[in-house]
Amino acid sequence: MNRRRLAVILAGVAAFINLYAPQSLLPLLRAWIGDDAARAGLIVSAGTFGVALAAPFAGLLADRYGRRRVIVIAAFLAVIPGLFAGLALTPEALMAIRLVQGLCLPGIFAVTVAYIAEEWPAAEARAVTAVYVAGTIGGGFVGRFLSGVVAEFAGWRWGFAALAVMQLLLALSIRAWLPPGRDQPKLRGSPRTPLLPLLLRPGLRGAYATGFLMLFALVGGFTYMTLHLSEPPFALGPAALSSIFGVYVIGVLVTPYSGRLLNRFGHARVLVLAWAIAISGLLTTLLPLLLAVAAGLALFSLGLFVAQTTTTSFVGESAGAERGPAVGLYVTCYYAGGSVGGVLPAVVWHWAGWPGVVGLIVAAGGVSALIGWNSFRFPKDEPHPVDEPLPEIGGEA
């Protein structure tokens, strides 16, 4: 594996190592803020809300100043709020810090997706996108596991500090190994891509809706599953809860092969298959056995990771010359779904507990699969094709 591909993987890790880490800290945070599931969910959702706000501008900044520059700067900026998270004096301060951190992150992953689509030919870009998504999965697991283990022995504040140190190491590695892209930064007077026409294109509009529901399911599922497992009969602590996220390892191993599935079966079929796997896994978590819950979460996360690869590669391929803004708008919709997913299920949680949350997510998954099936069969709907074909770029299998 060459350094460029490794740097892309590390960008995926850097983008997600902090974003969902509070999920494994929720038992300790609930003791700090009080027994309020919605308020605890807001600590997770504040980061995703920041991502949703900043994502459209990340693509525009990358078009103007260059993708590699924006990725590196964003990776370093994310370190600062990570350090301050452990110093928060009130829950509201922690939410504000998480919001700021979320504002930094689209510069990493939204721009990295556009970087991949620009630097590799379409068939190979699918495989690279799958490897990148595996990196995001690894980042999500490492963030939850590291913060949970550190918090078990030193408290949740040191858990955030450990993540900040890891973020700094990742930023240094990306700066050293990620080469400049072939994109040329635009001059100050260059025309900007309007976002409204992107929303009017059927394929992209379907991808935005699918992405919204996808992260709604992932954030809602793992946030309220953490609360579920922290209560009897499981009563798991932070370290044990962080170990549950070891199911992500299956996603790291299997997701890179989803690029081959996409090349063979296309985006629409793979998306429906991915949701079928995710929903079957989620239903398995209703069994009152920890082993069954772990197996169900493995299927649930695997299905959503394959769905994420499918939707991300679809947007990168179908956006044409407006790739940067289109990916940024997709990330906005995706993380808006994550923000809602951290809070809305709290209503169902208080009324029907974990089974109610499962029912809500299953309904969202069915709608997402239906929208994707009707939208992803038409990846060539863009009115403005790429100015010139991407040259073949050598890479590893």
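The notes below deal with the structure included here. Computed from a predicted structure; not experimentally measured.

Basis of the calculations
- For every chain, the first residue of its written sequence is number 1, and the numbers climb from 1 along that sequence.
- For a predicted model such as this one, the threshold for reporting local features is a pLDDT of at least 70, and the threshold for listing and counting side-chain atom pairs is 80 or more; totals across whole chains, interfaces and linings nevertheless cover every residue.
- Here the side-chain values reflect all heavy atoms present in the structure, with hydrogen atoms and water set aside.
- Residue types Ala, Val, Leu, Ile, Met, Phe, Trp, Tyr and Cys, when buried and joined through side-chain atoms within 4.5 Å, form a set referred to as a nonpolar core.
- We call a residue buried when its accessible area falls under 20% of the maximum for its residue type, exposed when it is over 50%, and partly exposed in between, using a 1.4 Å probe and counting protein chains only.
- Numbering of helices and strands starts at the N terminus; helices are DSSP runs of H or I of at least 4 residues and strands are runs of E of at least 2.
- A contact between two residues is defined here by any heavy atoms of the two lying within 4.5 Å.
- A side-chain nitrogen of Lys or Arg and a carboxyl oxygen of Asp or Glu constitute a salt bridge if their distance falls within 4 Å.
- Note on aromatic contacts: the rings of Phe and Tyr and the six-membered ring of Trp form a pair at centre separations within 6.5 Å, being stacked when their planes are under 30 degrees apart, edge-to-face when over 60 apart, and tilted otherwise.
- By definition here, charges over rings are those cases where NZ of Lys or CZ of Arg is within 6 Å of the ring centre and within 35 degrees of the ring normal.
- The residues that make up patches have over 30% relative accessible area and no salt bridge, and they are joined within 9 Å when like-charged or within 5 Å when they are Val, Leu, Ile, Met, Phe, Trp or Tyr.
- Only the protein chains shown count as covering a residue, and every accessible area follows the Shrake-Rupley method with a 1.4 Å probe.

Quick word on the nonpolar core
Proteins that are soluble and globular tend to have nonpolar side chains buried together.
Okay, so step 1: With 115 residues, the main nonpolar core has Phe109, Ile174, Tyr248, Val331 and Tyr335 as its most contacted residues.
Okay, so step 2: With 13 residues, the top contributor of residues to this core is helix α11 (residues 202-229).
Okay, so step 3: In contact with Tyr335, not counting residues within four places along its chain, are Phe16, Leu19, Tyr20, Thr48, Val51, Ala52, Phe109 and Leu215.

Overview of the pattern of salt bridges
Okay, so step 1: Enumeration over the complete set of coordinates arrives at two salt bridges.
Okay, so step 2: Across the salt bridge formed by Arg5 and Glu124, the nearest N and O atoms sit 3.2 Å from each other. Taken as a pair, Arg5 in helix α1 (residues 3-16) and Glu124 in helix α8 (residues 122-154) lie far apart in primary sequence, 119 residues in all. Assigned by exposure class, Arg5 and Glu124 land together as buried.

Regarding the packing of aromatic side chains
Okay, so step 1: The full count for this structure, using the stated rule, is 12 aromatic pairs.
Okay, so step 2: Taken together, a centroid distance of 6.1 Å and an interplanar angle of 40 degrees make the contact between Phe16 and Tyr20 tilted. For the pair Phe16 and Tyr20, one class covers both residues: buried.
Okay, so step 3: Here Tyr224 and Trp349 contribute two aromatic rings whose centre-to-centre distance is 6.0 Å and whose plane-to-plane angle is 45 degrees, an arrangement assigned as tilted. Residue Tyr224 is located in helix α11, and its partner Trp349 is located in helix α18 (residues 345-375); the two are separated by 125 residues in the primary sequence. Across this residue pair, the class does not change: Tyr224 and Trp349 are buried.
Okay, so step 4: Put simply, the rings of Phe16, Tyr20, Tyr208, Tyr330, Tyr334 and Tyr335 touch in pairs and so form one group of aromatic residues.
Okay, so step 5: Seen from the ring of Trp120, Arg4 lies directly overhead, with NZ or CZ sitting 3.9 Å from the centre.
Okay, so step 6: Across the ring face of Trp32, the terminal group of Arg157 is positioned such that the distance to the ring centre comes to 5.6 Å.

What about a nonpolar patch on the surface?
Okay, so step 1: Where nonpolar side chains cluster on the molecular surface, the patch consists of Ile73, Leu77, Ile80, Leu83, Phe84 and Leu87 and spans about 590 Å² of accessible area.
Okay, so step 2: Here the element with the most residues in the nonpolar patch is helix α5 (residues 79-85); it accounts for three residues.
Okay, so step 3: In this fold, Phe84 is placed in helix α5.

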